[in-house]
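# Architecture and fold: a report
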Amino acid sequence: MESTNNLEKFQTIIDADTKIEPKDWMPEDYRKHLIRQISQHAHSEVIGMQPEGNWITRAPSLRAKLILLAKIQDEAGHGLYLYSACETLGISREELIDQLHTGKAKYSSIFNYAAITWADIGAIGWLVDGAAIVNQISLQRTSYGPYSRAMIRICKEESFHQRQGYEIMGKLALGTPEQKEMAQDALNRWWWPSLMMFGPHDSDSPHSGKAMTWRIKRESNDVLRQRFIDKTVQQAEVIGLKIPDDKLKWNEAKGVYEHGEINWEEFNQVINGNGPLNKIRLANHISAHENGAWVREAANAYAAKQKKEVLVA
Amino acid sequence: MSTKDSQGQLWEVFIQANPGIPHKHAGSVHATDKEMALQNARDLYTRRSEGTSIWVVPSAAIVASAPEDSGMLFDPSNDKPYRHPTFYVMPEGAKNI
């Protein structure tokens, strides 16, 4: 029952910064918001393997290939931590996958862009994982216990991802003029979509109000975006690459970088399915899932047979 | 929990980080049998030498207390101060064990 009494008690627990656990009472909207946010996060980790998986066979050295494999394996793991956290809210893994396939659940639109050169693998690690880390560090303090624990585990593993990407970019930037150009080109293409990862401006963010009151989110989209910009601009300077924003300038008084306007029209287009690779990403996931059906059937049959043998013995 | 799930049953994973300390809950995995559960737990939770031992337990086998009973179950028993060593007066000059 959503009695005022329950709601007040719930808010008291939240305001005291005590975590909410799966069996605790929670408002239906809190549960719904979490399922939407955590499943979107889980789907992003899993779909995010595709642009990188594309480069495993073409990694420029054995070292690079091993690193890339380890990173992609981590992303799969992060997806699984998050699916498990989401399932504690009373939704099954199968329903979650169904929602991805039918388009009811979204994933981060950044993964609808193509990784067309090796420098893109650098840019993805440096910028996309960098943006994800800024968001995830903040989410370690989210009010839902299982989500918070998943975030803590993910943050421990994620910083290598950002560093390996930055290393790739740094090496290319110090290489031949062609290599440096390749790095700059990747930065040019990934910079703005990375800023969009933080979502709409606070003034037009449809889901933020209650998420902040309930401490699902701890900091706003714009605050997190600004933190990412300030750290990344400095890193770009160190390796001699130029952020593709003519309006970017240091604001001494505020101690932050001012930046140009984000192209929200592009953001909405990609979110609504019209990005460069939306259809391919989803089709790949559906086909992998369907082609794996016989494995699940075999595993279930084997488990049933073992159970029968135990009963007979 | 929903029963419509072709992804195998849910198992809870407990990891012992080092010999001599308790196993601690790490998270959960899906698997259709216990060997698969152990293998999945190993792949998912110990990629960076996080543990020396793993337990996996079917989630359905865990009996948990209900949040609404926690008042009764975990009453601080403030009326029983004699359960704490500070209740007792040590004679002057006696050393602690």
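Structure: above.
In this numbering scheme, every chain counts its residues from 1 along its sequence in written order. Whichever chain is written first becomes A and whichever ligand is written first becomes 1, with later ones labelled in order. Only residues with pLDDT of at least 70 get local features here, since the model is predicted, and only at 80 or more are side-chain atom pairs given and counted; chain-wide, interface and lining totals rely on the full set of residues. The basis for every side-chain value is the complete set of non-hydrogen atoms in the structure, without hydrogens or water.

### Thoughts on the overall build of chain A
Numbering of helices and strands runs from the N terminus; a helix is a DSSP stretch of H or I covering at least four residues, while a strand is a stretch of E covering at least two. From N to C terminus, chain A includes 13 helices and two strands. Its C-alpha radius of gyration of 21 Å places chain A within 12% of the 20 Å reference for a compact globule of 313 residues. C-alpha extents for chain A along the principal axes are approximately 70 × 50 × 35 Å. Whether a residue is buried, partly exposed or exposed follows from its accessible area with a 1.4 Å probe, protein chains only, as a fraction of its type maximum: under 20%, in between, or over 50%, in that order. Here chain A holds 313 residues, and the buried ones make up 51% of them. We compute the radius of gyration from the C-alpha atoms alone; for a globule the expected value is 2.2 Å times N to the 0.38, where N is the number of residues.

### Considering the nonpolar core
Across soluble globular proteins, nonpolar side chains show a tendency to be buried alongside one another. Take the buried residues of types Ala, Val, Leu, Ile, Met, Phe, Trp, Tyr and Cys, join any two whose side-chain atoms come within 4.5 Å, and each joined set is a nonpolar core. Formed by 51 residues in total, the largest nonpolar core has its most connected members in Trp118, Trp126, Met169, Trp190 and Trp191 of chain A. Every element with two or more residues in this core is listed here: α4 (62-87), α6 (118-139), α7 (145-173), α8 (177-196), α10 (221-238) and α11 (264-274) of chain A. At ten residues, α6 of chain A tops the list of elements feeding residues into this core. Apart from residues no more than four positions distant in its own chain, methionine 169 of chain A is found in contact with Ala119, Gly122, Ala123, Trp126, Ala183, Ala186, Leu187, Ile239 and Leu241 of chain A. By size, the runner-up hydrophobic cluster in this structure holds 37 residues, among which are Ile35, Tyr147 and Ile154 of chain A together with Val13 of chain B. Every residue pair with non-hydrogen atoms within 4.5 Å of one another is taken to be in contact.

### Details of the packing of aromatic side chains
Residues and elements named next belong to chain A. Whether two aromatic rings pair depends on their centres lying within 6.5 Å, for rings of Phe, Tyr and Trp, where Trp uses its six-membered ring; planes under 30 degrees apart make the pair stacked, over 60 edge-to-face, and the rest tilted. Applying the stated criterion across every chain, the model contains 14 aromatic pairs over all chains. By the ring-pair criterion, three or more aromatic residues cluster together here, those being Phe10, Trp25, Tyr30 and Trp214. A cation over an aromatic ring shows up here: arginine 153 above the ring of tyrosine 81, its NZ or CZ 5.6 Å from the ring centre. Any Lys NZ or Arg CZ found within 6 Å of a ring centre and within 35 degrees of that ring's normal is scored as a charge over the ring.

### Concerning the interface of chain B and chain A
At the junction of the two partners, chain B supplies 23 residues and chain A supplies 27 residues. Here the quantity called buried area is the total loss of accessible area, with a 1.4 Å probe, experienced by two parts when brought into contact, counted for both. When the two sides are added together, the surface that chain B and chain A hide from each other amounts to roughly 2,100 Å², 45% of it contributed by carbon and sulfur. By convention in these notes, a salt bridge is any Lys or Arg side-chain nitrogen within 4 Å of a carboxyl oxygen on Asp or Glu. Taken together, the links from chain B to chain A amount to four salt bridges. Pairs of N or O atoms within 3.5 Å make up the polar contacts considered here, provided that, within protein, one atom can donate a hydrogen while the other can accept it, and that residues adjacent in sequence are counted only when both atoms are side-chain atoms. Counting across the interface, chain B meets chain A through nine residue pairs in polar contact (both at pLDDT 80 or more). Put simply, the parts of the chain that give the side of chain B that touches chain A at least two residues each are β2 (24-31) and α1 (34-45) of chain B.

### Looking at α10 of chain A
Residue and element names in this part refer to chain A. Here α10 spans 26 Å end to end across 18 residues, near enough to the 26 Å set by a 1.5 Å rise per residue. Buried within α10 are the following residues: Asn221, Leu224, Arg225, Gln226, Phe228, Ile229, Asp230, Thr232, Val233 and Ala236. At the C-terminal side of α10, glycine 240 shows a positive phi close to 75 degrees. Here, expected helix span is obtained from the residue count minus one, scaled by 1.5 Å.

### Description of the environment of glutamine 7 of chain B
Looking at the element boundaries, glutamine 7 of chain B is found in the segment before β1 (9-16). The spacing of glutamine 7 of chain B and histidine 23 of chain B is 16 residues in sequence and 26 Å in space, taken between C-alpha atoms. Those residues within four positions of glutamine 7 of chain B in sequence are excluded, and the remaining contacts are Arg93, Glu94, Ile97, His289 and Arg296 of chain A together with His30 and Ala31 of chain B.

### Describing the pattern of salt bridges
A pair can form between side chains of opposite charge whenever their charged atoms are brought close. In the structure shown here, the tally under the stated rule is 22 salt bridges over all chains. In this structure, the salt-bridge partner of arginine 48 of chain B is glutamate 157 of chain A, at a minimum N-O distance of 3.7 Å. Linking arginine 48 of chain B in the loop between α1 and β3 (53-58) with glutamate 157 of chain A in helix α7, this pair reaches from one chain into another. Looking at arginine 48 of chain B, the relative accessible area reads 34%, which means it is partly exposed.

### Details of unusual backbone geometry
Located in the positive-phi region is aspartate 17 of chain A, a residue other than glycine, with phi close to 65 degrees. Tracing the sequence through the fold places aspartate 17 of chain A in the loop between α1 (4-15) and α2 (28-47). Residue class for aspartate 17 of chain A comes out partly exposed when judged on its relative accessible area of 42%. In this structure, serine 49 of chain B is a non-glycine residue whose phi angle is positive, near 45 degrees. Note on serine 49 of chain B: relative accessible area 70%, which makes it exposed.

### Overview of a nonpolar patch on the surface
For patch building, the residue pool is restricted to those with more than 30% relative accessible area and no salt bridge; the joining distance is 9 Å between like charges and 5 Å between nonpolar side chains (Val, Leu, Ile, Met, Phe, Trp, Tyr). Per-residue accessibility takes into account occlusion by the displayed protein chains alone, with areas from the Shrake-Rupley method and a 1.4 Å probe. Judged by side-chain polarity, Leu62, Leu66 and Leu69 of chain A come together as a nonpolar surface patch covering roughly 310 Å² of accessible area. When you line up the elements, leucine 62 of chain A lands in helix α4.

### Quick look at the packing of α2 of chain A against α7 of chain A
A packed helix pair is summarised by two numbers, namely the angle formed by the two axes and the spacing between the axes. Residues and elements named next belong to chain A. Two numbers describe how α2 lies on α7: the axes approach to 12 Å, and their chain directions differ by 25 degrees. The angle between the axes of α2 and α7 places the two elements in the roughly parallel class. In this structure, the crossing between α2 and α7 has a hand that is left-handed. Of the residues in α7, those in contact with Leu34, Gln37, Ile38, His41 and Glu45 of α2 are Tyr147, Met151 and Ile154. All amino acids are sorted into three groups, where Ala, Val, Leu, Ile, Met, Phe, Trp, Tyr, Cys and Pro are nonpolar, Asp, Glu, Lys and Arg are charged, and the leftover types, Gly among them, are polar. Its residues assigned to classes, the contact of α2 with α7 shows five nonpolar, two polar and one charged. An axis is simply a line fitted to the C-alpha atoms; with a helix, the fit covers only the stretch in contact. Between two such axes, the angle follows the N-to-C directions and lies from 0 to 180 degrees. With respect to orientation, any angle under 35 degrees is reported as roughly parallel, any angle over 145 as roughly antiparallel, any angle of 65 to 115 as roughly perpendicular, and every other angle as oblique. Crossing handedness is read from the near helix: turned anticlockwise from the far helix by less than a right angle, it gives a left-handed crossing, and turned clockwise, a right-handed one.

### Comments concerning the side chain of serine 28 of chain B
With respect to the element layout, serine 28 of chain B can be found in strand β2. Residue classification places serine 28 of chain B among the buried positions, given a relative accessible area of 9%. If we skip the residues at most four places from it in the chain, serine 28 of chain B touches Ser84 of chain A together with Leu10, Trp11, Glu12, Val13, Leu44 and Tyr45 of chain B.

### Focus: α1 of chain B
For α1 of chain B, built from twelve residues, the straight-helix expectation of 16 Å at 1.5 Å per residue is met to within 8% by its first-to-last C-alpha distance of 16 Å. Within the span of α1 of chain B, buried status applies to Ala37, Ala41, Leu44 and Tyr45 of chain B. For α1 of chain B, the angular spread of buried residues about the axis comes to 75 degrees, placing them on one side. The secondary structure elements touched by the buried residues of α1 of chain B are α4 and α7 of chain A together with β1, β2 and β3 of chain B. The N-cap residue of α1 of chain B is aspartate 33 of chain B: its side-chain oxygen and the backbone nitrogen of glutamate 35 of chain B are 3.1 Å apart. It is the directions from the helix axis to the C-beta atoms that the arc portrays.

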